[in-house]
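Listed here are the chains, written in short residue letters.
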Amino acid sequence: MAGAAPGGVPANPMQQAAGAQQRALAGTAGAGTIAGTNLGAYQNPYTQQVIDASAQDVLRNAQMGLNQLGTEATRAGAFGGSRHGVAMGEMGRGVASLLGQQSAQLRSQGFMNAQQMAQQDIQNRMQQAQQLANLGQQSFGYGQAIQSGLSQQGAQQ
């Protein structure tokens, strides 16, 4: 790079300022929005495993309940009767409802968490862009001070 100091850094503070401002603008443009963000990158890959484990717990408890219901129906001499069938149906409906509620709640929590993480990522990128803009402004100020000093020195000569 012409006029570059060792390490490829522009020797001219005005070039440094312009470069920092360009990177800051690119950072704000690239920060994005929640609407344009693929939340899949922020979601927990183990959500389905958590849902499956919760479902297994519910189904295990339901099976114990069905066993208890069968035992009680047998003692009452009503095993296989219509009351026993209705009770089993009601228990099945309750289990299905509980499984649906738990699954929906866990997925909703996962989505909300992913959304918060994406928002934090966007905010971090905006802060980085602001820091670059501040550095660009600082470099511009250095360039102006150098030019002013050179101008004064030229006037004195």
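Everything below is about the structure printed above this text.
Quick look at the structure, then.

**Concerning the overall build of the protein chain**
Part 1: Within the protein chain, the secondary structure is distributed over three helices and zero strands.
Part 2: N-terminal to C-terminal, the α/β element order of the protein chain is α-α-α.
Part 3: Across the 157 residues of the protein chain, 18% fall into the buried class.
Part 4: If you sum the accessible surface of the protein chain, you get close to 10,900 Å²; carbon and sulfur atoms cover 55% of it.

**Quick notes on a nonpolar patch on the surface**
Part 1: A contiguous nonpolar patch, built from Tyr142, Ile146 and Leu150 and spanning about 320 Å² of accessible area, is present on the exposed surface.
Part 2: Position of tyrosine 142 among the secondary structure elements: in helix H3 (residues 82-156).
Part 3: A residue is classified by how much of its surface remains accessible, and tyrosine 142, at 47% relative accessible area, is partly exposed.

**Overview of the packing of helix H2 (residues 47-75) against H3**
Packed helices, taken two at a time, are described by the angle their axes make and the gap between the axes.
Part 1: H3 packs onto H2 with a crossing angle of 165° between their chain directions and a minimal axis gap of 10 Å. When the interaxial angle is binned, H2 and H3 end up roughly antiparallel. Classified by chirality, the crossing of H3 by H2 is right-handed.
Part 2: A breakdown of the residues in the contact of H2 with H3 according to their chemical character gives 16 nonpolar, eight polar and one charged.

**Observations concerning the pattern of salt bridges**
Where charged atoms of side chains with opposite charge meet at close range, the side chains can pair.
Part 1: Evaluated as defined, the whole model comprises three salt bridges.
Part 2: Between aspartate 57 and arginine 60 there is a salt bridge, with its nearest N and O atoms 2.5 Å apart. A residue pair is termed a helical-turn pair when its members lie 3 or 4 positions apart in one helix, as aspartate 57 and arginine 60 do in helix H2 at three residues.
Part 3: Here aspartate 57 falls in the partly exposed class, since its relative accessible area comes to 39%.
Part 4: A relative accessible area of 49% places arginine 60 in the partly exposed class.
Part 5: As a salt-bridge pair, glutamate 90 and arginine 93 come within 2.8 Å of each other at their nearest N and O atoms. Placement of both glutamate 90 and arginine 93 in helix H3 is noted, with a separation of three residues, approximately one turn of the helix.

**As for H3**
Part 1: Helix length check: H3, at 75 residues, gives a terminal C-alpha distance of 111 Å against a target of 111 Å (1.5 Å per residue), a fit within 8%.
Part 2: When H3 is considered as a whole, its buried residues turn out to be His84, Val95, Ser103, Ala114, Ala118, Ile122, Ala129, Ala133, Gly136, Ser139 and Gly143.

Criteria and cut-off values
Residues numbered from 1 in each chain as written. Predicted model: local features only at pLDDT ≥ 70, side-chain atom pairs only at ≥ 80, totals over all residues. Heavy atoms only, no water. Helix = DSSP H or I, 4+ residues; strand = E, 2+ residues; numbered from the N terminus. Buried < 20%, exposed > 50% of the residue type's maximum accessible area, 1.4 Å probe, protein only. Areas by Shrake-Rupley, 256 points an atom, 1.4 Å probe, with all protein chains shown as cover. Patch = residues over 30% accessible without salt bridge, like charges linked within 9 Å, V, L, I, M, F, W, Y side chains within 5 Å. Salt bridge = Lys/Arg side-chain N within 4 Å of Asp/Glu carboxyl O. Axes fitted to C-alpha atoms, helices over the stretch in contact; angles between N-to-C directions. Parallel < 35°, antiparallel > 145°, perpendicular 65-115°, else oblique. Left-handed = near helix turned anticlockwise from the far one by under 90°. Nonpolar A, V, L, I, M, F, W, Y, C, P; charged D, E, K, R; others polar. Expected span 1.5 Å × (residues − 1).

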